[in-house]
Amino acid sequence: MDASQSVFKLQVNGQYVTSSEPVTSSSHDKSTSVYTKAPSDDHPSTPQSNGGVGRHSLPLHHHRPVIGSLISLFLQRLPSPSSVRFAALRASHWWKQLRVPSRQDVQRIVLSAAPYLLFLFFYGINPYTRVLPVAADIGRANLMNVSAWEGRLFPWQLHVVVSSVHFLPLDFVAAVPYLGHYVIPVLYPAFLYLLDRLELILQFYRLLGLTMWGHYVIWLVAPTLPPWALDFLAAHQATNASIMAETILAAHKEGPAFARIDSFIGSPFFHGMFVGNPVPFGSFPSGHVAWPMCILVTLPGHLRSRFSVYVVWVAWATLYTGHHYVLDIIGALALVGGLARLMGHVAQAQQTRCSILPL
């Protein structure tokens, strides 16, 4: 190599290409490439510019201390091998202790859940049997029953007061227990099974079945329109029965809070969830509050105080969304409490173990 020649690196599109040719202003177009002198041991490479053309990013080794620090921090956050091993041994021991239900246990669970499953069947086919009034039977419903009583007992309509302060984050908070409502009858018994509390599974399904058939009788005797629908009718001043039925069918059946969520996500998710409700006049008592109450009175004692927070959360959500009156909540508490006490007396008369909350 001649003395007049120097080793250069050509940086094109972020890549260095070694060149041994002398650099001249005409060798390469400065608008598309920049020459920088190759690094040597005496002079570490630093970002340079040629005539203000381009800016060079730092070489990788300038980022290595930062990357090393991040990796070190990540490794420090990982559990130690001993703690991982202890957790694995504990999980293995728990899995070995888990009792596989016998055929007799499965039969007892199915029989205890049979009333609840039967209720779901008749509830689902109500639009065809029309045992309970549907939207077209609005003339059969006493629309002012719960609303009138609430007006006599309280100076304000509490569901209106609770829902008057609303914004989108609260709408999502209220939606959580509504979404969890549909998995309660499955997840809670599974949780009790993991605790090896078969007797509580049986008690829960029996209480849930009795509660829902109690709802069914009340809906038959005193069908009640939910607050949001009654307020909707009042706002539209619909008095004729046929006009009222058409108005209900055209209304946002998910209620105003869930309508705001549907508008935000750009999809009729909650509308599709509630528009097919086979029992539109089932506001009193509140099934959304009754189901968590069935859990509360059948939970192991040390968990009841914690779960009561969830019951309060559900009760607030029913008021906030305009789906229930305060009397709907009180009715659900009274119904579940009365049935739980009845089951406790029956179990005591039969001298069997009953873990239902004493009321």
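Not measured: the values here are computed from a predicted model. (Residues numbered from 1 in each chain as written. Predicted model: local features only at pLDDT ≥ 70, side-chain atom pairs only at ≥ 80, totals over all residues. Heavy atoms only, no water.)

Pairing between side chains of opposite charge can happen when the charged atoms of each approach one another. Overall, the coordinates contain 2 salt bridges when judged by the stated rule. When the shortest N-O distance is used, the salt bridge between arginine 260 and aspartate 171 registers 2.8 Å. Of the two residues, arginine 260 is situated in helix 12 (residues 255-265) and aspartate 171 in helix 7 (residues 168-180); the sequence distance between them amounts to 89 residues. Look at arginine 260 and you get partly exposed, because its relative accessible area is 26%. Note that glutamate 199 is salt-bridged to arginine 197, the shortest N-O span being 2.7 Å. By relative accessible area, which is 22% here, glutamate 199 ends up partly exposed. (Salt bridge = Lys/Arg side-chain N within 4 Å of Asp/Glu carboxyl O. Helix = DSSP H or I, 4+ residues; strand = E, 2+ residues; numbered from the N terminus. Buried < 20%, exposed > 50% of the residue type's maximum accessible area, 1.4 Å probe, protein only.)

One broad rule of soluble globular proteins: the nonpolar side chains tend to lie buried together. Counting 42 residues, the largest nonpolar core has Phe204 and Leu207 as the members making the most contacts within it. Those elements giving two or more residues to this core turn out to be helix 3 (103-124), helix 8 (184-194), helix 9 (198-221), helix 14 (287-296), helix 15 (301-320) and helix 16 (326-349). Looking at which element gives the most residues to this core, the answer is helix 9, with 10 residues. (Core = buried A, V, L, I, M, F, W, Y, C linked by side-chain atoms within 4.5 Å.)

Averaged over all residues, the pLDDT of the chain equals 75, while 63% of them reach at least 70. Note on residues 16-58: pLDDT under 50 across the span, and 60 contacts to partners over four residues away in sequence or across chains. (pLDDT = per-residue confidence, 0-100. Contact = heavy atoms within 4.5 Å.)

Turning to the environment of tyrosine 123, a few remarks are in order. Tracing the backbone shows tyrosine 123 in helix 3. Judged by its relative accessible area of 22%, tyrosine 123 is partly exposed. Linking tyrosine 123 and proline 278, residues 155 residues apart in sequence, is a C-alpha distance of 6.8 Å. Residues contacting tyrosine 123, with those up to four places away along its chain left out, are Trp219, Asn277, Pro278 and Val279.

Turning our eyes to something else, we now look at the side chain of histidine 324. Here histidine 324 lies in the loop between helix 15 and helix 16. Looking at histidine 324, the relative accessible area reads 4%, which means it is buried. A polar side-chain atom of histidine 324 sits 3.4 Å from a polar atom in the side chain of aspartate 328. Sequence-distant contacts of histidine 324, defined by excluding residues within four places in its chain, comprise His159, Tyr178, Pro227, Gly282, Ser283, Ser286, Gly287, His288, Thr318 and Leu319. (Polar contact = N/O pair within 3.5 Å; in protein donor to acceptor, adjacent residues only side chain to side chain.)

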